[in-house]
Amino acid sequence: MNPAWLGEFLGTMILILLGDGVVAGVLLKRSKAEGGDWMVITTGWAFAVMAGVFTAIACGSSDAHLNPAVTLGMAMRNGSFQNVLPYFAAQVLGAMAGATLLWLHYFPHWKETEDKVLKLRCFCTGPAIRSALPNFLSEVIATFVLVFVAGAIFSKAAAPGGLASGLAPYLVGSLVWGVGLSLGGTTGYAINPARDFGPRLTHAILPIAGKGDSDWSYATIPIVGPLAGGALAGIALRSLGI
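The paragraphs below set out a description of the structure included in this document.

Cut-offs and rules
Residues numbered from 1 in each chain as written. Predicted model: local features only at pLDDT ≥ 70, side-chain atom pairs only at ≥ 80, totals over all residues. Heavy atoms only, no water. Buried < 20%, exposed > 50% of the residue type's maximum accessible area, 1.4 Å probe, protein only. Helix = DSSP H or I, 4+ residues; strand = E, 2+ residues; numbered from the N terminus. Core = buried A, V, L, I, M, F, W, Y, C linked by side-chain atoms within 4.5 Å. Contact = heavy atoms within 4.5 Å. Axes fitted to C-alpha atoms, helices over the stretch in contact; angles between N-to-C directions. Parallel < 35°, antiparallel > 145°, perpendicular 65-115°, else oblique. Left-handed = near helix turned anticlockwise from the far one by under 90°. Nonpolar A, V, L, I, M, F, W, Y, C, P; charged D, E, K, R; others polar. Expected span 1.5 Å × (residues − 1). Polar contact = N/O pair within 3.5 Å; in protein donor to acceptor, adjacent residues only side chain to side chain.

### Topic: unusual backbone geometry
Phase 1 of the analysis: Its identity as a non-glycine residue notwithstanding, Ala 64 has a phi of 50°, on the positive side.
Phase 2 of the analysis: Judged by its relative accessible area of 10%, Ala 64 is buried.
Phase 3 of the analysis: If you check the backbone angles, Leu 66 has positive phi at about 60° while not being a glycine.
Phase 4 of the analysis: Take Leu 66: it is sitting in the loop between helix H2 (38-58) and helix H3 (68-78).

If you want it as structure tokens, here you go:
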């Protein structure tokens, strides 16, 4: 049986390749998907989560967190922190691998796209209106909803006999779709520190044609906000016995 960290690595790699892939398809010049709207992006991300969860489970991680905020939230709920650091590392490295594959997949389109910000958005998030506290609160709230509702979906009260085999990835993907549609318009809904930090670091390292800076001045918000939201959700789940 494969180790859980491998499942987290490969699942997160697929998550980022497909999730950032739909963003790149919409934003990069001369892509056949250029000009797609928010519905296209949120739908692509929902399918990316579904694919990532299936991959993680198949490759060794029955948890299939793919997200340090989820890992921290579940640790807070269960009181067990042994997987936190190994999962964090696997998730960030998986995100970097996925972002590298994204760069290769769209290789000729980076040169065709002049807008440096659009290139960055293919890798990481940025707010619609830059305001530190509201941006932070948006990430906290959206990630709280993600982790809390995920806990409710898997709870004994919602599914006394357990979820039907193979159903979980579809439900989690649908949850992420809903979060993106309803709460993602403010910051681009990172709701996942690995999803934002790994590709942002990859953007900084890779020789992407005509790229600008990686906007590190904003980078703490999509890292700390989701971690705070995930931790609060875990505490709420534990307090309510969910």
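### What to know about the nonpolar core
The nonpolar side chains of soluble globular proteins are, as a tendency, buried together.
Phase 1 of the analysis: Counting residues in hydrophobic clusters, the biggest one holds 40 residues, and the most contacted among them are Leu 15, Trp 45, Trp 110 and Phe 123.
Phase 2 of the analysis: When contributions to this core are tallied by element, the ones reaching two or more residues are helix H1 (4-27), H2, H3, helix H4 (84-105), helix H7 (132-153), helix H8 (168-183) and helix H10 (221-239).
Phase 3 of the analysis: Setting aside residues no more than four positions away along its own chain, Trp 45 makes contact with Leu 15, Ile 16, Gly 19, Asp 20, Val 22, Val 23, Tyr 189 and Arg 195.

### Side note on the packing of H1 against H2
Phase 1 of the analysis: The contact between H1 and H2 brings their axes to 8 Å, and the two run at 165°. Between H1 and H2, the angle falls in the class roughly antiparallel. Crossing of H1 over H2 shows right-handed handedness. When H1 is examined against H2, the residues Gly 7, Leu 10, Gly 11, Ile 14, Leu 15, Ile 16, Leu 18, Gly 19, Asp 20, Val 22, Val 23 and Val 26 are found in contact with a partner set consisting of Val 40, Ile 41, Gly 44, Trp 45, Ala 48, Val 49, Ala 51, Gly 52, Thr 55 and Ala 56.
Phase 2 of the analysis: Counted by class, the contact of H1 with H2 contains 15 nonpolar, six polar and one charged residues.

### Looking at H2
Phase 1 of the analysis: Under the 1.5 Å per step criterion, the end-to-end length of H2 is 30 Å for 21 residues, consistent within 8% with the ideal 30 Å.
Phase 2 of the analysis: The opening residue of H2, the one whose side-chain oxygen lies 3.2 Å from the backbone nitrogen of Met 39, is Asp 37.

### What to know about the packing of H3 against H7
Two measures define how a pair of helices packs: the angle their axes make with one another and the distance between the axes.
Phase 1 of the analysis: Running from N to C, H3 and H7 point in directions that differ by 55°, and their axes come no closer than 10 Å. As summarised for this structure, H3 and H7 are arranged oblique, according to the angle between their axes. The way H3 lies across H7 gives a crossing that is right-handed. Where H3 abuts H7, its residues Ala 69, Val 70, Gly 73, Met 74 and Arg 77 lie against Thr 143, Leu 146, Val 147 and Gly 151.
Phase 2 of the analysis: Of the residues that constitute the contact of H3 with H7, the class distribution is five nonpolar, three polar and one charged.

This is a description of form; function is not addressed.
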